[in-house]
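Spelled out from the first residue to the last, the chains are:
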There are 2 protein chains.
Amino acid sequence: MVTLSDVAKEANVSKMTVSRAINHPEQVTPELLELVEKAMDKLHYRPNSAARALVNNRTNVVKFITLEDIDTTEPYYMNLLFGVARGLTKEQYALQLVTDIGDIGKSGDDGYIITGARQADYDLFDAFDKPFILYGENRHGYDYVDTDNSLGEKIATKYALERGYEHVVFIGLDVKEPFEYSRENGYLSTMQQAQMPTQIYRAANHSHQSKKVVLDNWEKFPQNTCFVCGSDRLAVGIIWALLEKQVKIPEEYGVIGFDGVFLDQVSNPKITTIKQPTFEMGEILAQMLLQKIKLSGAPQGEVLLEPKLVVRDTTK
Amino acid sequence: MVTLSDVAKEANVSKMTVSRAINHPEQVTPELLELVEKAMDKLHYRPNSAARALVNNRTNVVKFITLEDIDTTEPYYMNLLFGVARGLTKEQYALQLVTDIGDIGKSGDDGYIITGARQADYDLFDAFDKPFILYGENRHGYDYVDTDNSLGEKIATKYALERGYEHVVFIGLDVKEPFEYSRENGYLSTMQQAQMPTQIYRAANHSHQSKKVVLDNWEKFPQNTCFVCGSDRLAVGIIWALLEKQVKIPEEYGVIGFDGVFLDQVSNPKITTIKQPTFEMGEILAQMLLQKIKLSGAPQGEVLLEPKLVVRDTTK
DNA sequence: TTGTATGCGTTATCAG
DNA sequence: CTGATAACGCATACAA
């Protein structure tokens, strides 16, 4: 193993100069800096993460906390997770996955990335003595990363109108959470701007729930209706209902989903959807948390990323 | 932060006795052991993982390497990953996710869990200087964990016959990998035992591929045929084909999938499938790797876990 | 600007 | 069986 000392010897300086060259390069003269860098390159030096962690009183570990029931959103989180992992690994950080909130104190960590948080969970967070970043909008001032949910449904609604659907209905998730309100607002504002009447239904995030909503209210959905949905799962259920009614997709009825992870592609027909930049969000989550750790907890603010419309087979 | 010294003081012993009480309890007298344990409890002592890693020349980090294209199997790996994470966290280990094999040398680690390995990848492994465990059968003597693939398809085939399907066809994955051979063998041996004629088709692991296979060979599948599949993805495609042919599922045609992760449940109708114990396999992978690290690379052998038949709506 | 000494928390070695 | 000491690799405080 190559250590600081080895590099120091190679460069004919002291260990400290090498250490400084890495952590505070501005404190060392350009000549020495170059010498040190050459020596590091030559010896393929890589800092020992454990030693660094020990002296800095860190663990170099971040916990990824999933509060939501994993089963309902699996593929979605997979992308987020790989994004987080990439962001962390760059900085020599590693990951622990926790689904049981009680497990948090059981091993060391430097901070948390929290997903699937609901209003009811916010109390927990105030007890944390480590920095954390939420994945998902909140109105409590916690740092977070999310898709621009409102923009997403604006894009979806606008597209439905442009494609000539005469009625656009919103099928949302029946949760009282900021991200859902944002999505509904995106739909509402676009419809109002177009001076179109609005119709909103809500269902739990299961395909058979949204299917039921459509079947139960079938008489309210004339031909040439497009369903703008709060998730791809809901979109899938709506497609089931439409298939059962033996109507034509996308000619007679349109469907636009939200998420764009996995489900949209394994569905038949494939779903036109609002795709979230899941991987990128994960990477940004990691960057923000690492930054927050470095700055001993300084607020990092809110980041909203642009979703993109992906046109497939459920819109004309 | 509570350290060894604090515990030592509390128990009126030296640091070393505390350290030994933790790592080599058999080397310390029962009386002292109890004293130490009480002190640890009282002070809520938790070993500093970084310090431990430093002195043991470890990183306490394991890399989870996904060689297969993530997109094709996402939800499947999610469960595996959470299982791995649980196994690691128990031992204060953390995780790094890598999809690009070139990233392996870039940061420290104590070992690897490798998924999606194909014959072509085996050369890479011999270059590793750290312990690793494969997820997935192999015939090269590498330690691995997998489902009992042969048993899985035996169960599926047997069930299809029991339920009175007169023809049972196997639709497998067109990869030349041990797990696939095992699955085919499970089907073949069961059919031969029942003195039934066999029929095998293979397709890439995409729903539209298996759909095509069924449609292209439709005349070879009389009523009362059950399709036993190498994956749920293939099963989904077969269902699409059957729906297109407007035949009755499960009365006229049956379908049995393989995997039992996510897809089987979001499909409509829901798929009868062979469910792999994915989470458990992940946990065992972690345990085996940690053990192998502890024993400086000693072979851990092979572990096959029993899959389970989950009856849903695609079999009568 | 650079170097020296010291300590982070733990474990192995060796002496008692 | 138990304890004192040194060492792991790095970074901070202080001295030069």
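Residues numbered from 1 in each chain as written. Chains lettered and ligands numbered in written order. Predicted model: local features only at pLDDT ≥ 70, side-chain atom pairs only at ≥ 80, totals over all residues. Heavy atoms only, no water.

**Notes on the relation of the copies chain A and chain B**
Note on the copies: chain A fits chain B at an RMSD of 0.1 Å, the axial shift is 0.0 Å, and the rotation between them is 180°. Those values place the two copies in the arrangement expected of a two-fold rotation axis. (Least-squares fit on C-alpha atoms with pLDDT ≥ 70 in both.)

**Some remarks on the pairing of strand S1 (residues 61–66) of chain A**
All names here are of chain A. Counting buried residues in S1 gives six out of six residues, a clear majority hidden from the surface. Here S1 pairs with strand S3 (residues 111–115) via five bridges, running parallel. Bridging from a neighbouring strand, isoleucine 65 pairs with isoleucine 114 of S3. (Buried < 20%, exposed > 50% of the residue type's maximum accessible area, 1.4 Å probe, protein only. Helix = DSSP H or I, 4+ residues; strand = E, 2+ residues; numbered from the N terminus. Pairing = 2+ DSSP bridges.)

**A look at the protein's contact with DNA strand C**
Close contacts around DNA strand C come from 27 residues, with Thr17(A), Thr29(A), Leu4(B), Met16(B) and Tyr45(B) the closest. The contact atoms of DNA strand C, taken as those within 4 Å of the protein, divide so that sugar and phosphate hold 60%. Between DNA strand C and Thr17(A), the relevant distance is 2.4 Å, taken from a phosphate oxygen to a side-chain nitrogen or oxygen of the residue. Here a base nitrogen of DNA strand C sits 2.6 Å away from a polar atom, N or O, in the side chain of Arg20(A). Per element, the largest residue contribution to the surface near DNA strand C is five residues, and it comes from helix H4 (residues 49–56) of chain B. Of the residues that constitute the surface near DNA strand C, the class distribution is 14 nonpolar, ten polar and three charged. (Near = heavy atom within 4 Å. Polar contact = N/O pair within 3.5 Å; in protein donor to acceptor, adjacent residues only side chain to side chain. Nonpolar A, V, L, I, M, F, W, Y, C, P; charged D, E, K, R; others polar.)

**Observations concerning the sheet that holds strand S6 (residues 167–173) of chain B**
Residues and elements named next belong to chain B. Pairing within the open sheet is mixed, and its six strands lie in the order S7-S6-S8-S9-S10-S12. A single partner strand is all that each edge strand has here, and the edge strands are strand S7 (200–203) and strand S12 (308–310). If you compare each strand with its neighbour and ignore which way they point, the axes differ by 20° on average. Where strand S9 (residues 253–259) lies against strand S10 (residues 272–275), four bridges are found, and the strand directions are parallel. Note on S10: the bridge partner recorded for aspartate 259 is lysine 275. In the packing of helix H7 (residues 149–162) onto the sheet, contacts are made with S6, strand S8 (225–229), S9, S10 and S12, and the angle to S9 comes to roughly 165°. (Axes fitted to C-alpha atoms, helices over the stretch in contact; angles between N-to-C directions. Contact = heavy atoms within 4.5 Å.)

**Section: the sheet that holds strand S7 (residues 200–203) of chain A**
All names here are of chain A. Read across the sheet, six strands follow the order S7-S6-S8-S9-S10-S12 without closing on themselves; strand pairing throughout is mixed. With partners counted over all chains shown, the strands left at the sheet margins are S7 and strand S12 (308–310), one partner each. Between one strand axis and the next, the sheet turns through 20° on average, direction left out of account. Strand direction decides the pairing type here: strand S10 (residues 272–275) and S12, joined by three bridges, are antiparallel. When the bridges of S12 are listed, threonine 273 appears paired with valine 310. Running at roughly 145° to S7, helix H9 (residues 207–216) makes contact with strand S6 (167–173), S7 and strand S8 (225–229) of the sheet.

**Thoughts on unusual backbone geometry**
Geometrically, the link from Asn268(A) to Pro269(A) is a cis peptide bond, its omega value of 0° lying close to zero. Inspection of the secondary structure assignment puts Pro269(A) in the loop between helix H11 (263–266) and S10. Following Ile249(B), the chain continues into Pro250(B) via a peptide bond in cis, with omega recorded as 5°. Along the chain, Pro250(B) turns up in the loop between helix H10 (232–244) and S9. With a phi angle near 55°, Gln195(A) is a residue other than glycine that sits in the positive phi range.

**A word on the domain arrangement of chain A**
In terms of domains, chain A is made up of domain 1 (4–47), domain 2 (61–147 + 278–307) and domain 3 (149–276). The C-alpha-based centres of domain 1 of chain A and domain 3 of chain A are spaced at 58 Å. (Domains from an automatic or database assignment.)

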